[in-house]
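Listed below are the residues making up each chain.
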Amino acid sequence: MTFSQILGHERQKNILRRAIDSDRLAHAYLFEGPEGVGKRLMALALARAVVCKEGAGCGVCPACRKVDHNNHPDLHLLEPDGTTIKIEQVRGIQKELSFRPLEAPKKICLIDGADRMNQAAGNALLKTLEEPNGDALLILLSARPESVLSTIRSRCQRLPFARLPQALLKGVLLEQLGVDEVQGHILAALSEGSFKKALGKDRDLYLGRRREILKTLTALSPGSILPTLELAQSLAEEKERLPDILDILQAFYRDLLLYQHGRSESDLVNIDLAEKIRRVAPRENTVSLLNKLEAIAASRRQLDRNVNRQLAMEVLLMRLAA
Ligand SMILES: [Zn+2]
């Protein structure tokens, strides 16, 4: 992966390229931004540019290829072991960094999930950041930078990554997945600028299952208790995908709100369900839609607190059917 192969993030690429060209790389970077937008690819492109024998990450020389195959002796990757990065892992990296690089001008350590370091691990890493070794480059990645120790954050050069623009994502989806315009639009809109989401396991959920869920949901009425309970149960069983299902519900009610306020149908997420949206919209008003969006937000908070999923879905669907 070279800088030019990475989608979007032109400003970030330029900052890093300039730093390399002028030999002014920081000792430590914190790449922060949403999951799946390309932070790790950018870190690997940076690593390649540093170790490359031919120039800024040619992709062909042995050093670049070792980075691609994850077996360069001067590139180390630290990831959560289970749910956290532990102090032993940080100590292991510190030991590595205490040696001179073997082949590259620098030793590079990529820490993915920097917010998942426990206190002890974070404090240990702080030592390395406080006494930077000229041969070392640390690249920390985090989707939740506010959870990274503030003392660590302040010693890194922070590089924020935004979500990929919808149009850019859609173009790539059309090209790489061979989906049609409508599907490309829906995938790009629902994956919220995350390439990982659009290309990953959620694709079927976003394209097929979404229509099914919304069909069942809009057929519910306040009196239809049994179907409501059944849908709640089937949603609750989709444990891992529940946050993404809530995204689908949220996008649908947001579409209704936009439609009611006269936005054109091409601005909607569910452009393939324009007919349904026209049919359902007269049953709602701004207040009822805002209430439903709030109900979705409330169930999201409940799921984060690990409440009973089935119960959370039942309460949510009853509020949505009202
Ligand atoms: Zn190279």
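Residues numbered from 1 in each chain as written. Predicted model: local features only at pLDDT ≥ 70, side-chain atom pairs only at ≥ 80, totals over all residues. Heavy atoms only, no water.

**Focus on the overall build of the protein chain**
The number of helices and strands found in the protein chain is 15 helices and 5 strands. C-alpha atoms of the protein chain, sized along the principal axes, occupy 70 × 40 × 30 Å. The long-range fraction of contacts in the protein chain, counting pairs at least 24 apart against all pairs at least 6 apart in sequence, stands at 70%. Entry remark: accessible area of the protein chain is about 15,900 Å², with carbon and sulfur atoms responsible for 50%. Computing the positive centroid from 47 side-chain charges and the negative centroid from 41, the protein chain places the two 2 Å apart. (Helix = DSSP H or I, 4+ residues; strand = E, 2+ residues; numbered from the N terminus. Contact = heavy atoms within 4.5 Å. Areas by Shrake-Rupley, 256 points an atom, 1.4 Å probe, with all protein chains shown as cover. Lys, Arg positive; Asp, Glu negative; His and termini not counted. Charge placed at Lys NZ, Arg CZ, Asp CG, Glu CD.)

**Quick word on the pairing of strand β1 (residues 28–32)**
Here β1 lies mainly inside the structure; 5 of its 5 residues are buried. On β1, burial covers both faces: Ala28, Leu30 and Glu32 on one face and Tyr29 and Phe31 on the other are all buried. Of the strand pairs in this sheet, β1 and strand β4 (residues 136–142) are connected by 5 bridges, and their pairing is parallel. What sits directly across from Ala28, in β4, is Leu138. Bridge analysis of β1 against strand β5 (residues 157–160) gives 4 bridges, and the strand direction is parallel. Pairing of Glu32 across the sheet is with Pro160, part of β5. (Buried < 20%, exposed > 50% of the residue type's maximum accessible area, 1.4 Å probe, protein only. Pairing = 2+ DSSP bridges.)

**Some thoughts on the nonpolar core**
Grouped together as the largest cluster of nonpolar side chains are 49 residues, with contacts concentrated most on Leu217, Leu249, Tyr253 and Met313. Counting residues per element, the ones that place at least two in this core are α7 (166–177), α8 (181–190), α10 (202–219), α11 (225–236), α12 (242–260), α13 (274–280), α14 (286–304) and α15 (309–321). Membership of the second largest hydrophobic core comes to 32 residues, among which are Phe31, Ala45, Leu46 and Ala47. (Core = buried A, V, L, I, M, F, W, Y, C linked by side-chain atoms within 4.5 Å.)

**Some words on the pattern of salt bridges**
Taken as a whole, this structure holds 25 salt bridges when the rule is applied. Linking Arg48 and Asp68 is a salt bridge whose minimum nitrogen-to-oxygen distance equals 2.5 Å. Separated by 20 residues along the polypeptide, Arg48 in helix α2 (residues 39–51) and Asp68 in helix α3 (residues 62–68) bring together distant segments of the chain. Since its relative accessible area comes to 41%, Asp68 is described here as partly exposed. (Salt bridge = Lys/Arg side-chain N within 4 Å of Asp/Glu carboxyl O.)

**Quick notes on the sheet that holds strand β3 (residues 107–112)**
Taken in spatial order, the 5 strands line up as β2-β3-β4-β1-β5 in an open sheet, and their pairing is parallel. Each edge of the sheet is formed by a strand with only one pairing partner; in this case those strands are β2 (75–78) and β5. Between one strand axis and the next, the sheet turns through 20° on average, direction left out of account. Here helix α1 (residues 10–21) sits on the sheet in contact with β1 and β5, set at roughly 150° to β5. Where helix α5 (residues 119–130) meets the sheet, it contacts β1, β3 and β4, and its direction lies at approximately 135° from that of β4. (Axes fitted to C-alpha atoms, helices over the stretch in contact; angles between N-to-C directions.)

**Side note on the side chain of Asp247**
Checked against the element boundaries, Asp247 lands in helix α12. Residue contacts for Asp247: discarding those within four places in its chain leaves Leu190, Glu192, Lys197 and Arg300.

**Here's the deal with the side chain of Asp135**
Structurally, Asp135 is set in the loop between α5 and β4. At 3.0 Å, the side chain of Asp135 and the side chain of Arg100 are in polar contact. (Polar contact = N/O pair within 3.5 Å; in protein donor to acceptor, adjacent residues only side chain to side chain.)

**Let's talk about the packing of aromatic side chains**
The tally for this structure, following the rule as stated, stands at 3 aromatic pairs. Ring plane angle 75° and centroid distance 5.4 Å describe the contact between Phe252 and Tyr253, whose orientation is recorded as edge-to-face. For Phe252, a relative accessible area of 0% translates into the label buried. Every member of this aromatic cluster is reached through a ring pair, and the members are Tyr29, Phe31 and Phe161. (Phe/Tyr/Trp six-rings, centres within 6.5 Å; stacked < 30°, edge-to-face > 60°.)

**Describing the packing of α12 against α14**
Packing of α12 against α14 brings their axes to within 10 Å, and their N-to-C directions diverge by 165°. Relative to α14, the element α12 lies roughly antiparallel. Considering how the two elements wind past one another, α12 and α14 form a crossing that is left-handed. Contacts between α12 and α14 involve Leu242, Pro243, Leu246, Asp247, Leu249, Gln250, Tyr253, Arg254, Leu256, Leu257 and Gln260 from the first element and Thr286, Leu289, Leu290, Lys292, Leu293, Ile296, Ser299, Arg300 and Leu303 from the second. Looking at the contact of α12 with α14, its residues break down into 12 nonpolar, 4 polar and 4 charged. (Parallel < 35°, antiparallel > 145°, perpendicular 65-115°, else oblique. Left-handed = near helix turned anticlockwise from the far one by under 90°. Nonpolar A, V, L, I, M, F, W, Y, C, P; charged D, E, K, R; others polar.)

**Describing the coordination of the zinc ion**
Within the first shell, the zinc ion binds the protein through Cys52 (SG), Cys58 (SG), Cys61 (SG) and Cys64 (SG), at distances of 2.3 Å. Relative to the metal, the 4 donor atoms surrounding the zinc ion lie at angles of 104 to 119°, and the coordination shape comes out tetrahedral. Within one chain, the residues donating to the zinc ion are spaced in sequence as C-x5-C-x2-C-x2-C. Both residues of the pair, Cys61 and Cys64, belong to the buried class. (Donors = N, O, S within 2.8 Å, 3.2 Å for Na, K, Ca; no water. Tetrahedral: all angles 85-135°; square planar, octahedral: opposite > 155°, others 65-115°.)

**Points about the domain arrangement of the protein chain**
For the protein chain, the assigned domains read domain 1 (3–160) and domain 2 (201–321). For domain 1 versus domain 2, the distance between C-alpha centres works out to 40 Å. (Domains from an automatic or database assignment.)

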